[in-house]
Amino acid sequence: MIDKIKIALIDDEPLFLEGLSLLFSNVKNIVVTNTATNGYELLDDLENTSEFNFPDIILVDIQMKPLDGFDLVEMLKKKYSNIKIIILSSHYKTNVVGHMIKLGVSGFIPKNSSKKLLISAVESVFEYGIYFTKVDKEMLVKYMGSNSKRSIFNNNEVLSKREIEVLKLICNEYTSQEIADKLFISKRTVEGHRQKVIDKIGAKNTVGLVIYAIANKLHTLSKL
């Protein structure tokens, strides 16, 4: 039996939150473990959530009170560094995407998205650690177009040939096991290369790896 993807939902609009919960209740491989209408409520709830029921992914709205989505994401990533976060918001601009990248968010989904896209995003983030829509890709390329934005990464470290191979495959959404099979190495070795690249460039997660690859022309929009 395949484990279900555990998600938490936070939005300060109760009706939207209820609708989102209902939507996911009809999806066989996804279960909602936590819901909250403000950031402090979610943080308290997570404190009392067992490891067994702890969410793999949190879907977060940006504009909330008293704790907005930006501050909440920063607090979540500091306390739960491995948690994956998808921004689900109506406020969808290049500067917002750029800020979320720096905080280590895994995906960005407009609130008016279809059920199919939303489920695909959750599944992709769970399996690959990243999800980009076409709009995201265009905004990310635009955001990384200036040299000043590239300074968010450490570009002084040189990646080895093997690390670049692994990075390119990660960008093409291969899992660690698929990369291992393709390169005839172990899954553990792949994960070791991935972590070395993250440490070298100062990325926070898979999104950071992809953005670094775009900025340094190791990966192109047409292949995303």
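Residues numbered from 1 in each chain as written. Predicted model: local features only at pLDDT ≥ 70, side-chain atom pairs only at ≥ 80, totals over all residues. Heavy atoms only, no water.

Visitor: Residue-level account of the pairing of strand β2 (residues 30–36), with values.
Guide: Where strand β1 (residues 5–10) meets β2, six bridges bridge the pair, whose relative direction is parallel. If you follow Ile-7 over to β2, its bridge partner there is Val-32. (Pairing = 2+ DSSP bridges. Helix = DSSP H or I, 4+ residues; strand = E, 2+ residues; numbered from the N terminus.)

Visitor: Mind laying out unusual backbone geometry, listing which residues take part and the relevant values?
Guide: Pro-66 follows Lys-65 through a cis peptide bond whose omega is 0°. The phi torsion at Glu-173 lies on the positive side, around 65°, for a residue other than glycine. Relative to the helices and strands, Glu-173 is located in the loop between α8 (161–171) and α9 (176–183). With relative accessibility at 35%, the residue Glu-173 sits in the partly exposed group. (Buried < 20%, exposed > 50% of the residue type's maximum accessible area, 1.4 Å probe, protein only.)

Visitor: Now, about the environment of Val-27: what can you tell me, with residues and values included?
Guide: Its place among the elements puts Val-27 in the loop between α1 (14–25) and β2. The exposure class of Val-27 is buried, given its relative accessible area of 9%. Along the primary structure Val-27 and Ile-119 are separated by 92 residues, whereas in three dimensions their C-alpha atoms are 8.3 Å apart.

Visitor: Pulling in residues and values, what's your account of the nonpolar core?
Guide: Core analysis: the biggest nonpolar cluster contains 49 residues, and Leu-42, Ile-58, Val-60, Leu-72, Leu-76 and Ile-87 have the highest contact counts within it. The biggest single contributor to this core is helix α11 (residues 206–215), with seven residues. Setting aside residues no more than four positions away along its own chain, Leu-42 makes contact with Ala-8, Ile-10, Asn-34, Ala-36, Ile-58, Leu-72 and Leu-76. Core analysis: the second largest hydrophobic core is formed by 19 residues, Ile-57, Leu-118, Val-125 and Tyr-131 among them. (Core = buried A, V, L, I, M, F, W, Y, C linked by side-chain atoms within 4.5 Å. Contact = heavy atoms within 4.5 Å.)

Visitor: Tell me about the packing of aromatic side chains, and please be specific about residues and values.
Guide: Summed over all chains, the structure comprises one aromatic pair. Judged by centre distance (5.0 Å) and plane angle (50°), the ring pair of Phe-54 and Tyr-80 falls under tilted. Taken together, the positions of Phe-54 in the loop between α2 (39–47) and β3 (57–60) and Tyr-80 in the loop between α3 (69–79) and β4 (84–89) put the pair 26 residues apart, joining distant regions of the chain. Positioned above the aromatic ring of Phe-16 is the side chain of Lys-111, whose terminal nitrogen or guanidinium carbon lies 4.6 Å from the ring centre. (Phe/Tyr/Trp six-rings, centres within 6.5 Å; stacked < 30°, edge-to-face > 60°. Lys NZ or Arg CZ within 6 Å of the ring centre and 35° of its normal.)

Visitor: Outline a negative patch on the surface, supporting the account with residue identities and numerical values.
Guide: Taken together, Glu-127, Glu-173, Glu-178 and Asp-181 make up a surface patch of like negative charges. Inspection of the secondary structure puts Glu-127 in helix α5 (residues 115–128). (Patch = residues over 30% accessible without salt bridge, like charges linked within 9 Å, V, L, I, M, F, W, Y side chains within 5 Å. Areas by Shrake-Rupley, 256 points an atom, 1.4 Å probe, with all protein chains shown as cover. Salt bridge = Lys/Arg side-chain N within 4 Å of Asp/Glu carboxyl O. Lys, Arg positive; Asp, Glu negative; His and termini not counted. Charge placed at Lys NZ, Arg CZ, Asp CG, Glu CD.)

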